Amino acid sequence: QVQLVESGGGLVQSGNSLRLSCAASGFRFAYYPIAWFRQAPGKGREGVACVNVGDGSTYYADSVKGRFTSSSDNAKKMAYLQMDNLKPEDTAVYFCAVDLKFHAANCQAFEYDFWGQGTQVTVSS
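How each quantity is defined
- Every chain is numbered independently, its residues counted from 1 as its sequence is written.
- pLDDT decides what is reported in this predicted model: residues at 70 or higher carry local features, side-chain atom pairs at 80 or more are listed and counted, and totals for whole chains, interfaces and linings draw on all residues regardless.
- Derived side-chain values reflect all non-hydrogen atoms in the structure, with water molecules and hydrogen atoms excluded from consideration.
- Think of it this way: any DSSP run of H or I at least four residues long counts as a helix, any run of E at least two long counts as a strand, and we number them from the N terminus.
- Exposure categories follow from relative accessible area, calculated using a 1.4 Å probe and restricted to protein chains: below 20% of the type maximum is buried, above 50% is exposed, and the middle band is partly exposed.
- Counting rule applied: Lys, Arg positive; Asp, Glu negative; His and chain ends not counted.
- Salt bridge criterion: a side-chain nitrogen from Lys or Arg within 4 Å of a carboxyl oxygen from Asp or Glu.
- Side-chain atoms alone can form a polar contact between residues adjacent in sequence; in general such a contact is a pair of N or O atoms within 3.5 Å, and within protein one must be able to donate a hydrogen while the other accepts it.
- Any two residues whose heavy atoms approach within 4.5 Å are treated as being in contact.
- Throughout, disulfides are identified as pairs of cysteine sulfur atoms within 2.5 Å of each other.
- Here, the term nonpolar core denotes a set of buried Ala, Val, Leu, Ile, Met, Phe, Trp, Tyr and Cys residues that are joined through side-chain atoms within 4.5 Å.
- When DSSP finds two or more bridges between a pair of strands, those strands are recorded as paired.

A word on the side chain of E6
Item 1. With respect to the element layout, E6 can be found in strand β1 (residues 3-7).
Item 2. No salt bridge is formed by the buried E6; its nearest oppositely charged neighbour, R45, is found at 8.1 Å.
Item 3. Among the polar contacts listed, one links the side chain of E6 to the backbone nitrogen of C96, at a separation of 2.4 Å.
Item 4. A polar contact is formed between the side chain of E6 and the backbone nitrogen of T119, at a distance of 3.2 Å.
Item 5. Apart from the residues within four sequence positions on either side, E6 is in contact with S21, C22, Y94, F95, C96, G116, Q117, G118 and T119.

What follows is the structure, encoded as structure tokens:
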């Protein structure tokens, strides 16, 4: 069974950093890059960091570019989202996700098949 288990969310002050982790199982981790999304109350699910399968580059939302960095450790089957210089507008539930059908192209939520449970990130001013 495909499973994604997230950890690392919490309450932090503006300017601080946080690293989210996503433990993956049930699929060949190295073949399917993990994507990160977030959803603020009353808002749609926003793509934060997604790998372009075509060239291997990582797309970052404009709002997080330069502050967030996604990475992975194939040996540990873990994906990470390093979030630096956090801002109140980063407050959201963060999800990791994977597309096992290779449909993802635009870092949109509907393109992804499996999701973690979500972890709350709250940034105070």
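Right, picking up where we left off after that structure.
Quick notes on the environment of A105
Item 1. Of note, A105 is situated in the loop between β9 (92-98) and β10 (114-115).
Item 2. Residues A105 and F95, ten residues apart in the sequence, show an inter-C-alpha distance of 18 Å.

Focus on the state of the cysteines
Item 1. In total, this model carries two disulfides according to the counting rule given.
Item 2. With a sulfur-sulfur separation of 2.2 Å, C22 is cross-linked through a disulfide to C96. Across the S-S bond linking C22 and C96, the dihedral sits near 70 degrees, which makes this disulfide right-handed. Here C96 lies in strand β9 and C22 lies in strand β3 (residues 18-25), a separation of 74 residues in the sequence.

Re the nonpolar core
Item 1. Counting residues in each nonpolar core, the largest one holds 27 residues, and the members touching the most others are I34, W36, L81, M83 and Y94.
Item 2. Of all elements in the fold, only β3, β4 (34-39), β5 (46-51), β8 (78-83), β9 and β11 (119-124) reach the threshold of two or more residues within this core.

Looking at the pairing of β3
Item 1. In this structure, β1 lies alongside β3, joined through five bridges in antiparallel fashion. What sits directly across from V5, in β3, is A23.
Item 2. In terms of strand pairing, β3 meets β8 through six bridges, oriented antiparallel. Residue C22 lies in a different strand from β8, and its bridge partner there is A79.

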